[in-house]
Amino acid sequence: MLSFEVFPPKEEAAFEPVEAAAFEIAKLSPAFMSVTYGAGGGTSKYTVEIAADLKEKFGVTSLAHLTCVASSREHVHRVVERLKEHEICNIMALRGDIPKDGVIHHDYKYASELIAELKTLGDFCIGGACYPEGHVESATKAEDILHLKEKVNAGCDFLTTQMFFDNDLLYNFLYQIREKGITVPVVAGIMPVTNAKQMKRILSMSGAYIPSKFRAIVDKFGDNPAAMRQAGVAYATDQIVDLIANGVNAIHVYSMNKPDVAAQIKSSLSEIIV
Ligand code: FAD
């Protein structure tokens, strides 16, 4: 099962090109498409609009992200009402990052609170985020998995992972969470890194482990955009092939509003994911 993610624009002026990119990706007939949610909730109307258009114009199952830590309960309920109006029943329920200015509403502290509340607001299929390398704020992976279990118990129907660049991290994580009794399906999130700048951002934001095999690619091709793009897509595709060979069948590609990258990955897997 192959699915793709898009992110909404920050402002109205960029809406059309972003929606056009989302539509191009929709033409690839993914299992579903997710639409992220701007950290502070300011772009929520675009998330709902794009998720609704994907569903209504392309018949693609859409998964709308929703964050809570920087929003009031009233705002969250308004967004949920809009999702219901469009009959969008799949929600990726997140806490969101703590805003840099530190301004947070105190209606929700953790994603688990949002998830429990969504359960009372409608018949939603609810996803939660998980972190094969542990969430950056957690002192240990074990502690993060403990909180993950609470989150799943609050009502997660499935989990999607943070990006990772070494599949062994995922295999180890799956073993650990299954051992702790977390049995919901886990969708593997794969990020095709197509330029060196993106790699620097990933490192500073997520602290993801970068295997030496991938560092060598960035060192060799980082200054050559076309070669870096090709090598980044090949690396992501290779990761996906290995995941599927090892029984991880749900793959979510962080396609970053790039239809060409999504199309290339899909076509490279044409006989593998049918
Ligand atoms: P939580 O599950 O609430 O966890 C946050 C931290 O709190 C973790 O360290 C956890 O271990 C800890 N914790 C949880 N419960 C407790 C407790 N009871 N006591 C003490 N500690 C606890 N961000 C966006 O802004 N928009 C998006 O659209 C978006 N989409 C994402 C999609 C995926 C698949 C992933 C992996 C991340 C996404 N993010 C998005 C980023 C996400 O918002 C951040 O990683 C955020 O910092 C954590 O969100 P969460 O929902 O995982 O939080």
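Check the entry above for the structure.
It should be emphasised that the depicted structure is a prediction, and the values quoted were computed from it without experimental measurement.

Rules behind the numbers
- Just so you know, the residues in each chain are numbered from 1, in the order the chain's sequence is written.
- Thresholds applied to this predicted model are a pLDDT of at least 70 for local features of residues and 80 or more for the giving and counting of side-chain atom pairs; totals over whole chains, interfaces and linings are not thresholded and use all residues.
- Computation of side-chain values covers all heavy atoms of the structure but excludes hydrogens and water.
- The numbering of helices and of strands both runs from the N terminus, where a helix is a DSSP run of H or I of at least 4 residues and a strand a run of E of at least 2.
- To estimate how far a helix should reach, multiply one less than its number of residues by 1.5 Å.
- Exposure classes here rest on a 1.4 Å probe applied to the protein chains alone. A residue is buried below 20% of its type maximum, exposed above 50%, and partly exposed in between.
- Here the arc refers to the set of directions running from the helix axis out to each C-beta atom.
- Aromatic contacts are taken between Phe, Tyr and Trp rings whose centres are within 6.5 Å, Trp giving its six-membered ring; a plane angle under 30 degrees counts as stacked, one over 60 as edge-to-face, and the others as tilted.
- Grouping buried Ala, Val, Leu, Ile, Met, Phe, Trp, Tyr and Cys residues that are joined through side-chain atoms within 4.5 Å yields what is termed a nonpolar core.
- The contact criterion used throughout is that any non-hydrogen atoms of two residues lie within 4.5 Å.
- Near residues are defined by distance, with any heavy atom within 4 Å of the molecule or strand qualifying the residue.
- Two N or O atoms form a polar contact when they lie within 3.5 Å of each other; inside protein one atom must be a possible hydrogen donor and the other a possible acceptor, and for residues adjacent in sequence the pair counts only when both atoms belong to side chains.
- Using the Shrake-Rupley algorithm and a 1.4 Å probe, accessible areas are obtained, with residue cover drawn only from the displayed protein chains.
- By the convention adopted, Pro, Cys, Tyr, Trp, Phe, Met, Ile, Leu, Val and Ala count as nonpolar, Lys, Arg, Asp and Glu as charged, and the other residues, Gly among them, as polar.

1. What about helix α6 (residues 167-179)?
- For α6, built from 13 residues, the straight-helix expectation of 18 Å at 1.5 Å per residue is met to within 8% by its first-to-last C-alpha distance of 19 Å.
- The complete set of buried residues in α6 reads N167, L169, L170, F173, L174 and I177. One side of α6 holds all its buried residues, which, seen down the axis, span an arc of 145 degrees. Turned more than 90 degrees away from the buried face of α6, the exposed residues are D168, Y175 and E179.

2. Regarding the packing of aromatic side chains
- Summed over the entire model, instances satisfying the criterion amount to 4 aromatic pairs.
- Pairing F23 with F58 gives two aromatic rings, centres 4.7 Å apart and planes at 45 degrees, and the pair type is tilted. With F23 in helix α1 (residues 15-26) and F58 in helix α2 (residues 44-58), this residue pair connects regions lying 35 residues apart in the sequence.
- For F23, a relative accessible area of 16% corresponds to the buried category.
- The partly exposed category is assigned to F58, whose relative accessible area is 31%.
- Residues F165 and F214 carry aromatic rings whose centres are separated by 5.6 Å and whose planes lie at 5 degrees to one another, so their mutual orientation is stacked. Remark: F214 occurs in helix α8 (residues 212-221) and F165 occurs in the loop between β6 (158-161) and α6; sequence separation between them is 49 residues.
- Judged by relative accessible area, F165 falls into the buried class, the value being 2%.

3. With respect to the nonpolar core
- Formed by 66 residues in total, the largest nonpolar core has its most connected members in M33, L66, L118, L159 and I251.
- Excluding residues within four positions of it along the chain, I251 makes contact with M1, L2, S3, V187, A188, I190, I240, L243 and I244.

4. Here we look at the site of the ligand
- Looking at the ligand, there are 24 residues lining it, with Y37, D97, Y131, D144 and K151 nearest.
- With respect to the ligand, the side chain of Y131 contributes an N or O atom lying 2.7 Å from an oxygen atom.
- In the model, an oxygen atom of the ligand is placed 3.0 Å from a nitrogen or oxygen of the S138 side chain.
- Starting from 980 Å² of accessible surface for the ligand in isolation, the protein chains cover 85%.
- For the shell around the ligand, the element with the most residues is helix α5 (residues 141-155), which contributes 4 residues.
- For the shell around the ligand, the per-class residue count stands at 8 nonpolar, 10 polar and 6 charged.

The analysis is restricted to geometry; functional conclusions fall outside its scope.
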